[in-house]
Amino acid sequence: DDQTVQFSQLTAKNDVVLVVLRGWPGYQCPICDRQVHDFIAAEKGFEAAKAQLVFVYPGPADDLKAHAEEFKTWKGKVWPKDYLYVLDPDYVMVNAYGLRWDAPRETAYPSTFVVDKTGVVRFVKVSHSHGDRTKAANVLAEVEKLSGK
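Bear in mind the structure is a predicted one, so any value in this text is a computation, not a measurement.

K.L.:
Got a minute to help me understand the pairing of strand β1 (residues 15–20) in this structure?
P.N.:
Moving residue by residue along a regular strand, the side chains alternate between the two faces of the sheet. The element β1 is largely enclosed, with a buried count of six among its six residues. The alternating pattern of β1 places Asp-15, Val-17 and Val-19 on one face and Val-16, Leu-18 and Val-20 on the opposite face, and all of these are buried. As judged from the six bridges shared by β1 and strand β2 (residues 51–59), these two strands associate in the parallel manner. Bridging across to β2, Val-20 finds its partner in Val-56. Both β1 and strand β4 (residues 111–115) contribute to a ladder of five bridges, which runs antiparallel. Paired with Val-16 across the bridge in β4 is Val-115.

What follows is the structure, given as structure tokens:
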């Protein structure tokens with residue numbers, strides 16, 4: 001909705017799961033789609049653990065919003081109302097965090113982070129390939145450790 005998201009405001013309220021997708025490398029990534037469906041299927045677990053999920057869709061600013069909207073419902077995705085889906089036009093966030101996969105037809109290294117309420121990163125998985133993604137169940141286990149479950 002064209003609003004800036006401040007990560008510190010999110011972690012002030014809840015533990016945060018940050019998932020950096022490949023975004024728009026010139027096509028919709030089927031592996032990102034599969035990963036998002038996996039996290040959507042685990043919605044109840046993340047809700048019970050009181051974790052805020054944030055998905056970052058990076059890419060070149062030209063038409064990024066249109067591509068992101070297409071991905072949002074691509075292959076029947078129905079996003080939980082509490083999951084945030086944000087854009088990273090021109091790779092501002094991924095460059096700042098050293099996650100830019102600066103190669104032809106690439107955008108960002110697919111990455112997953114769990115950050116606790118104090119802003120401390122408790123889990124990191126950065127994939128340097130298209131696959132090798134963290135499963136929602138593994139991330140949920142990390143979040144549940146923080147919540148004492």
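What follows picks up the thread again.
K.L.:
Please clarify how the packing of aromatic side chains should be interpreted in this entry.
P.N.:
Aromatic ring pairs are reported here in terms of the distance separating the ring centres and the angle at which the planes meet. Counted by the stated rule, this structure contains ten aromatic pairs. With a centroid separation of 6.4 Å and 25° between ring planes, the pair formed by Phe-71 and Tyr-85 is classed as stacked. Taken as a pair, Phe-71 in helix α4 (residues 64–73) and Tyr-85 in strand β3 (residues 84–89) lie far apart in primary sequence, 14 residues in all. An aromatic cluster is present here, built from Phe-39, Phe-46, Phe-55, Tyr-57, Phe-71, Trp-74, Trp-79, Tyr-83 and Tyr-85 joined pairwise through their rings. Above the face of the Trp-74 ring, Lys-75 is positioned so that its terminal group lies 4.7 Å from the ring centre. The ring centre of Tyr-91 lies 3.7 Å from the NZ or CZ of Arg-100, which sits over that ring.

K.L.:
Help me out: how do you make sense of the environment of Glu-144 in this one?
P.N.:
Residue position: Glu-144 is located in helix α6 (residues 136–147). The class of Glu-144 is partly exposed, set by a relative accessible area of 27%. Along the primary structure Glu-144 and Lys-50 are separated by 94 residues, whereas in three dimensions their C-alpha atoms are 9.2 Å apart.

Quick notes on the rules
- Residues numbered from 1 in each chain as written.
- Predicted model: local features only at pLDDT ≥ 70, side-chain atom pairs only at ≥ 80, totals over all residues.
- Heavy atoms only, no water.
- Buried < 20%, exposed > 50% of the residue type's maximum accessible area, 1.4 Å probe, protein only.
- Helix = DSSP H or I, 4+ residues; strand = E, 2+ residues; numbered from the N terminus.
- Pairing = 2+ DSSP bridges.
- Phe/Tyr/Trp six-rings, centres within 6.5 Å; stacked < 30°, edge-to-face > 60°.
- Lys NZ or Arg CZ within 6 Å of the ring centre and 35° of its normal.

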